[in-house]
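Residues per chain, in single letters:
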Amino acid sequence: MILKVLNIYLIRYNFFIAFCSICVLFYFSILTENKISPFYYLFTFFGTLALYNLFRLSPSFSGLFKKQSMGFSHELIFVSLIICAISFFLIPSNTKYFYLIPIFLSSLYQFSIFGLKNLRTFPYFKIMIIAFVWVLMALIPFLEYKFTQEKLHNFYFLTLTQFLFFLSLAIPFDVFDEQKDEIKTLAKMLGAKKAIYLSLFFLLIYLVLHLIENSSFQEKIAYSTITLTSFVTLMNYKRMKAIASQYYFIDGLIVVQTAIIFLVHK
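Residues numbered from 1 in each chain as written. Predicted model: local features only at pLDDT ≥ 70, side-chain atom pairs only at ≥ 80, totals over all residues. Heavy atoms only, no water.

Colleague: I tried to follow the overall build of the protein on my own but got confused; where do I start?
Modeller: Tallying secondary structure elements over the protein gives twelve helices and zero strands in all. What you see in the protein, going N to C, is helices and strands ordered as α-α-α-α-α-α-α-α-α-α-α-α. With 266 residues in all, the protein has 50% of them scored as buried. For the protein, long-range pairs separated by at least 24 residues make up 73% of all intrachain contacts whose partners lie at least 6 apart in sequence. When the accessible surface of the protein is totalled, it reaches about 14200 Å², and 69% of it is carbon and sulfur. (Helix = DSSP H or I, 4+ residues; strand = E, 2+ residues; numbered from the N terminus. Buried < 20%, exposed > 50% of the residue type's maximum accessible area, 1.4 Å probe, protein only. Contact = heavy atoms within 4.5 Å. Areas by Shrake-Rupley, 256 points an atom, 1.4 Å probe, with all protein chains shown as cover.)

Put into structure tokens, the structure is as follows:
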């Protein structure tokens, strides 16, 4: 019973995906060797929580307010937005205003705003915008730091490899949503099997770049382990029929990546 309730909160109410979002922040923090304000973590966690629940609750802003009764999802969205606003105010850097870019893009991904078509209507654009927003949310807190030339190179490298990593994770959800997606996606164009092969291709580039860039044997082993775990998981996509398994096993790779890198650098 406890596990069932926990599963509802983690998946239906998106606490798990919100946890994944702060794992990406922690990953960047480890590898750039920069600690960031805890308010960044609060803002990212509750911002992700609010947005994902909003997406799941209604296909439009107007639809959200047409609900006759306020359920837990509504309450969770509004509480999360309040915490987001407070956290945003308390973030001690002007770089926080860059968050307006992913906030706008995320909203435009699902909703039509100011007469603009939502980004989901653009063919094959879905995985690109998802990967871009996730990476952008992760790198913004680190824009306040003045990096040396070497560390700036490393920062760009992390941004590129994480973009590849998120492309790899986004494609399987194209496959899972193939039947219900009304838009043109890679899964519809290539078919499920070829789409997964493309996902594995991005994952392979991610690994090769890390093997070339990292001189540390420990890091080579770490990224090889991350890639192998991801590879095996993606190859078993057909077994992930339940939404919960899709989130735990695919998005869970974000947690796996951060956990392995944390163990290497602790």
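Colleague: Mind showing me how you'd approach the nonpolar core here?
Modeller: Counting residues in hydrophobic clusters, the biggest one holds 75 residues, and the most contacted among them are Phe28, Tyr99, Phe165, Tyr223, Ile254 and Ile261. Sequence-distant contacts of isoleucine 254, that is, excluding residues within four places in its chain, are made with Cys20, Cys23, Val24, Trp134, Phe165, Phe166 and Leu169. (Core = buried A, V, L, I, M, F, W, Y, C linked by side-chain atoms within 4.5 Å.)

Colleague: Teacher, can you tell me more about the pattern of salt bridges here?
Modeller: Pairing of side chains with opposite charge becomes possible as their charged atoms draw close. Following the criterion strictly, the structure yields one salt bridge and no others. The partner of lysine 151 in a salt bridge is glutamate 33, and the shortest N-O contact between them spans 3.4 Å. A residue pair is termed long-range when its members are at least 10 positions apart, and lysine 151 in helix H8 (residues 149-176) and glutamate 33 in the loop between helix H2 (15-32) and helix H3 (38-57) qualify at 118 residues. You can call glutamate 33 exposed: its relative accessible area is 61%. (Salt bridge = Lys/Arg side-chain N within 4 Å of Asp/Glu carboxyl O.)

Colleague: I tried to follow the packing of H2 against H8 on my own but got confused; where do I start?
Modeller: For any two helices packed against each other, the geometry is given by the interaxial angle and the distance between the axes. At a minimum axis separation of 11 Å, H2 and H8 run at an interaxial angle of 150°. Comparing the axis directions of H2 and H8 gives the class roughly antiparallel. Along this stretch, H2 crosses H8, giving a crossing that reads as right-handed. On H8, the residues that touch Val24, Tyr27, Phe28, Leu31 and Thr32 of H2 are Asn154, Phe155, Leu158, Thr159, Gln162 and Phe166. Along the lines of polarity and charge, the residues of the contact of H2 with H8 split into seven nonpolar, four polar and no charged. (Axes fitted to C-alpha atoms, helices over the stretch in contact; angles between N-to-C directions. Parallel < 35°, antiparallel > 145°, perpendicular 65-115°, else oblique. Left-handed = near helix turned anticlockwise from the far one by under 90°. Nonpolar A, V, L, I, M, F, W, Y, C, P; charged D, E, K, R; others polar.)

Colleague: Sorry, what's going on with the packing of H8 against helix H10 (residues 192-213) here?
Modeller: It is at 8 Å that the axes of H8 and H10 come closest, and there the two elements cross at 160°. Here H8 is positioned roughly antiparallel relative to H10, judged by the angle of their axes. For the pair H8 and H10, the crossing hand works out as left-handed. Contacts between H8 and H10 involve His153, Phe157, Leu160, Thr161, Gln162, Leu164, Phe165, Leu167, Ser168, Ile171, Pro172 and Val175 on the former and, on the latter, Ala192, Ala195, Ile196, Leu198, Ser199, Phe202, Leu203, Ile205, Tyr206, Leu209, His210 and Glu213. Taken together, the residues of the contact of H8 with H10 sort by class into 17 nonpolar, six polar and one charged.

Colleague: Got a minute to help me understand the side chain of threonine 258 in this structure?
Modeller: Inspection of the secondary structure puts threonine 258 in helix H12 (residues 243-265). With a relative accessible area of 5%, threonine 258 lands in the buried category. From its side chain, threonine 258 meets the backbone oxygen of isoleucine 254 in a polar contact 3.2 Å long. Non-local contacts of threonine 258, meaning those with residues more than four positions away in its chain, are made with Cys23, Val24, Phe26, Tyr27 and Ile30. (Polar contact = N/O pair within 3.5 Å; in protein donor to acceptor, adjacent residues only side chain to side chain.)

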